[in-house]
Amino acid sequence: MTGTLRLLRFLLRRERIGLPWWLLGATLLVLVQSGQSQTLYGTPEALARMRETIGSNTAAIAMNGPPRLLDSIGGEVVFEVFTFVAVVVALMNMFLVGRHTRADEESGRAELIRSALTLAGLADLTVGVLVFAVAAGTGLPVAGSVLFGAATAGVGLIFAVLTAVAAQVFENTRTAYGAVALVLGAAYVLRAAGDAGDGALSWASPIGWGQRTFPYAGYRWWPLLLPFGVSVLLGAAAVVLLTRRDFGAGLVPPRPGRATASAWLRDAYALAWRLQRGALAGWAAGLGLLGIAYGSIGNSIEQYVRDNPQIADFLPGGAADVVDSYLALTAGLSALLAAAYGVTSTLRIRAEETSGRSEPVLATATSRLTWLASHLSVALTGSALTLVTFGLGEGAAYGITISDAGQVPRLIGVALAYLPAAWLIIAVTVLALGWLPRPAAVLAWMTVAYCAIVTLFADSFDLPGWTQQASPFAHTPGVPLDDLALTPLLTIALLAAALVATGYAGLRRRDIAS
Amino acid sequence: MTTSTEAAISITALRKSFGETTALDGLDLSVAAGEVHGFLGPNGSGKTTTIRVLLGLLHPDAGEVRMLGGDPWRDAVALHRRLTYVPGDVTLWPGITGGEVIDLLGRLRGGVNRRRRDELLEQFDLDPRKKARTYSKGNRQKVALIAALASDAELLLLDEPTSGLDPLMESVFQRCIQQVKRQGRTVLLSSHILAEVEALCDRVSIIRLGRTVESGTLSELRHLTRTSIAVETAEPPHGIDALPGVHDVVVEDHHARFDVDTAQLDAVVRRLAPLGVRSMTSTPPTLEELFLRHYGDEQATGKNVAS
């Protein structure tokens, strides 16, 4: 036991940099949501209107949780924020436990599991207390806030123990993370299906258990027994599994891969796509889901805005043409995300360079131009693909609510109108990689941040017009609200091509880092 | 193919600095076609920088660099079809298997000799089906070595290729390089494993602080070194320490141990003979000692150059 304590102190030291950010993230979510909800729906009338529009919207329920939570303002906060906090806290626990059970087996395995789980338990207790403090501190009832905090901690604990089990089953950490992430995804989907349906499936989800304590809206204590009871059982299972496996090995051996490369893995392009396909699939799926989420409330948005005039301030066209301005805003937002994807994909060039992995490639008959073009081809087509999946998701979901299949091609086209702007940000990244490789990542993300700020907040913060002139989004016609104009789009695309060419000129003449 | 009269690599007065740090300070290197050339120097002496210049990854600040009749910077792509490279610290893509990496690197260069590849996998005892993230340092090194040795490239640039290999694999590597040598191909082998260089290399260049300090065949370099002698004589061996070229003498009774400059060996043996030699062992000079003589002072000054 003293060994466990000593180890725990060591783990705490190692976590003192990372862990506070997770805690801060979860706390801020609750803080912001509580403030925002009480501003928007502070009066019983506003809350009732909200309940009327959102409480009958299946998509919103699937995204957030059971509509019964909307009975009180505190419940409304839980409704809006609980799934997000649950995901953040689950991931925090996954990394916390995964890092320490698999990372360093030398120090005594049983003690490692005990101390990693104790550490996770302490972190969850802290999250619970912080959520309680923020909720109660922003004026929500104390009893509900206790329940809110405890439910959050319960979700965290479940995923800590699940990770400990997965770490016994699989040999490498990544596979264990994959398995836990799959369970997290399933937990979200099950409760979405359950909440949208008769609620039965929600009982199969740890996130659903948390929400079914109904903080501020019914106060049920007994569902808390589920996460804490299951955690004890799973924790015991992890220790039993531990004694059954070999040192350093998992219960399930890793699947062997290919002994020879397939015929298509034959050039730099194939390599770049192979390296980046997983991330691209993730981003494309994520933007597709975001599109579905946005599209599904497109039809309710007009009524929603009429109920909440404050929202109209965020929409480029004001209250008139509400749906079209909503679609333009969401398409612009998705293009910012597509640009962010493009930046991560383009920065892969730098990561390959500094890790030394580009060296064997550039020592073959692969020219620097081919090397750049191979990764850039992923960034450019990948950003287009994420916009297509967004348009597809938004068009399909919106089209279903208004029974119009034509929305699918229309909204794919709308999303693609913002593609040149995303490409320009990618081109800025290439320019930085060519001439200022060291600060390239910082410069690229500052460009994304600048575009995001002026696009999303210029109007509501009353920023002067000139501040956004450098953003390609300011020159992109806001379709479908505005008419499509090709000249600005072509100009942006040409500028992007020129920046890429200039970036390549720099890359060709500089040293490759090692 | 280059003709055997033309040097495969010819570097004169090569300079390269990174900011304040001078990595190469007028380095010279000449590697004849068809020879295995040892490239020796302590860590940070500039071996890797030189090889990265030869690969066209770094642009030289000054100096003349020719390789296989071309300019490594300007003609990089064409030259790279004719050479192959093994880095000292191999990093691989974690999600790709060793077998896939070997095939891919071969194809990127211009073709893989399938039969040779499979032989090498067996000789080096590497499981090609494992993802690179599960390989140890030694196994990552094997992946890069097999990829290089399975090619028919006329020039092999090997930057400390055996770091991380166990002694058994080290001897497999030596057999492979001897085979490459018999095929008349050229090898530049950077190393600080001296037995390896002694076993494989026709000629050696020794660099230090970014400059070439010695270059020649191993026997040419031996004049710089000392032979260690342990001798037992009938008469007590007095007066040995007074002889020219003799160092570190320890005399106990009828036994003596000392080092002697190889150039003075004959004179010392003549002086010992009248004493009645009962037994004598001599240890030939190793490159280790040669290294110590050249770099003994540098360890005190510390490392201030990039590798």
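What counts and how
- Residues numbered from 1 in each chain as written.
- Chains lettered and ligands numbered in written order.
- Predicted model: local features only at pLDDT ≥ 70, side-chain atom pairs only at ≥ 80, totals over all residues.
- Helix = DSSP H or I, 4+ residues; strand = E, 2+ residues; numbered from the N terminus.
- Contact = placed C-beta atoms within 7 Å.
- Pairing = 2+ DSSP bridges.
- Axes fitted to C-alpha atoms, helices over the stretch in contact; angles between N-to-C directions.
- Buried ≥ 20, exposed ≤ 12 C-beta atoms within 10 Å, placed from the backbone.
- Domains from an automatic or database assignment.
- Nonpolar A, V, L, I, M, F, W, Y, C, P; charged D, E, K, R; others polar.
- Left-handed = near helix turned anticlockwise from the far one by under 90°.
- pLDDT = per-residue confidence, 0-100.

When helices and strands are tallied, chain B shows 11 helices and 13 strands. Taking contacts inside chain B between residues at least 6 apart in sequence as the whole, the part at least 24 apart equals 71%.

This brings us to the sheet that holds strand β12 (residues 255–261) of chain B. Residue and element names in this part refer to chain B. With antiparallel pairing, 4 strands are arranged side by side in an open sheet as β11-β12-β10-β13. The open sheet terminates on both sides in strands that have one partner only, identified here as β11 (246–252) and β13 (277–283). Shown here is a sheet whose adjacent strand axes are inclined to one another by a mean of 15 degrees, direction ignored. Where strand β10 (residues 226–233) lies against β12, 7 bridges are found, and the strand directions are antiparallel. By the bridge assignment, I229 is partnered in β12 with F258. Against the sheet, helix α9 (residues 265–272) makes contact with β10, β11, β12 and β13, and its axis sits at roughly 5 degrees relative to β10, the strand it touches most.

On to the pairing of β11(B), then. Relative to β12(B), β11(B) is paired through 5 bridges, and the arrangement is antiparallel. Looking across to β12(B), one finds that V246(B) is bridged to V260(B).

Okay, helix α1 (residues 47–54) of chain B next. Quick reminder: α-helices carry 3.6 residues per turn. Residues three or four places apart thus point the same way. Residue and element names in this part refer to chain B. Judged by how many residues are buried, α1 sits mostly within the fold: 8 of 8 residues are covered. Within the span of α1, buried status applies to K47, T48, T49, T50, I51, R52, V53 and L54. The first or second residue beyond α1 is G56, which carries a positive phi of 75 degrees.

When cut into domains, chain B gives domain 1 (7–217) and domain 2 (226–284). For domain 1 of chain B versus domain 2 of chain B, the distance between C-alpha centres works out to 42 Å.

Now for the domain arrangement of chain A. Frequently, the measure chosen for interface size is the accessible area that the parts lose on association. All names here are of chain A. When the domains of chain A are assigned, the result is domain 1 (2–244) and domain 2 (268–509). In this structure, domain 1 and domain 2 have C-alpha centres spaced 32 Å apart. Listed per partner, the contact involves 7 residues of domain 1 and 10 residues of domain 2. Going through the elements one at a time, α3 (44–54) and α4 (58–64) are the ones with two or more residues in the side of domain 1 that touches domain 2. Examining the composition of the side of domain 1 that touches domain 2, we find that 3 residues originate from one element, α4, more than from any other. Of the residues in the side of domain 1 that touches domain 2, the class split is 4 nonpolar, 2 polar and 1 charged.

What follows is about the packing of helix α3 (residues 98–109) of chain B against helix α5 (residues 137–149) of chain B. Residues and elements named next belong to chain B. Following both chains from N to C, one finds α3 and α5 inclined at 35 degrees, their axes separated by 9 Å at the closest point. Pair α3 / α5 crosses with right-handed handedness. On α5, the residues touching G98, V101, I102, L105 and G106 of α3 are V143, I146 and A147. Each residue belonging to the contact of α3 with α5 can be placed in one class, and the counts come to 6 nonpolar, 2 polar and no charged.

This brings us to the interface of chain A and chain B. Taken residue by residue, the interface counts 29 residues in chain A and 31 residues in chain B. Secondary-structure elements contributing two or more residues to the side of chain A that touches chain B are α11 (268–296) and α15 (358–362) of chain A. The greatest single-element share of the side of chain A that touches chain B, amounting to 4 residues, is contributed by α15(A). Here the residues of the side of chain A that touches chain B sort into 14 nonpolar, 9 polar and 6 charged.

Okay, the environment of T43(A) next. Residues and elements named next belong to chain A. Following the sequence through the fold, T43 ends up in the loop between α2 (19–40) and α3. For T43, a count of 11 C-beta atoms within 10 Å puts it in the exposed group. Measuring from C-alpha to C-alpha, the distance between T43 and L182 comes to 40 Å, with 139 residues separating the pair along the chain.

Residue and element names in this part refer to chain B. Taken residue by residue, chain B gives an average pLDDT of 87. The fraction at 70 or more is 90%. Across chain B, strand β6 (residues 155–159) holds the top mean pLDDT of 97, while helix α11 (residues 298–301) sits lowest at 44. Predicted confidence is poor over residues 298–307, with pLDDT under 50, and the contacts of this stretch with residues over four places away or in other chains come to 20 contacts. Taken over the whole predicted complex, pTM reads 0.77, whereas the ipTM for its chain interfaces reads 0.83.

Turning our attention to the sheet that holds strand β7 (residues 186–191) of chain B. All names here are of chain B. Taking strand neighbours across the sheet as the criterion, the 6 strands line up as β5-β6-β7-β3-β8-β9 in an open arrangement whose pairing is mixed. Looking at strand neighbours, the two that pair on one side only are β5 (83–86) and β9 (211–217), the edges of this open sheet. With direction set aside, neighbouring strand axes in the sheet form an average angle of 15 degrees. One ladder, built from 4 bridges, connects β5 with β6; its direction is parallel. The residue of β6 that forms the bridge with T84 is L156. Against the sheet, α1 makes contact with β3 (36–40), β6, β7 and β8 (203–208), and its axis sits at roughly 150 degrees relative to β6, the strand it touches most. The strands touched by α5 are β5 and β6; relative to β5, the strand with the most contacts, the crossing angle is about 170 degrees.

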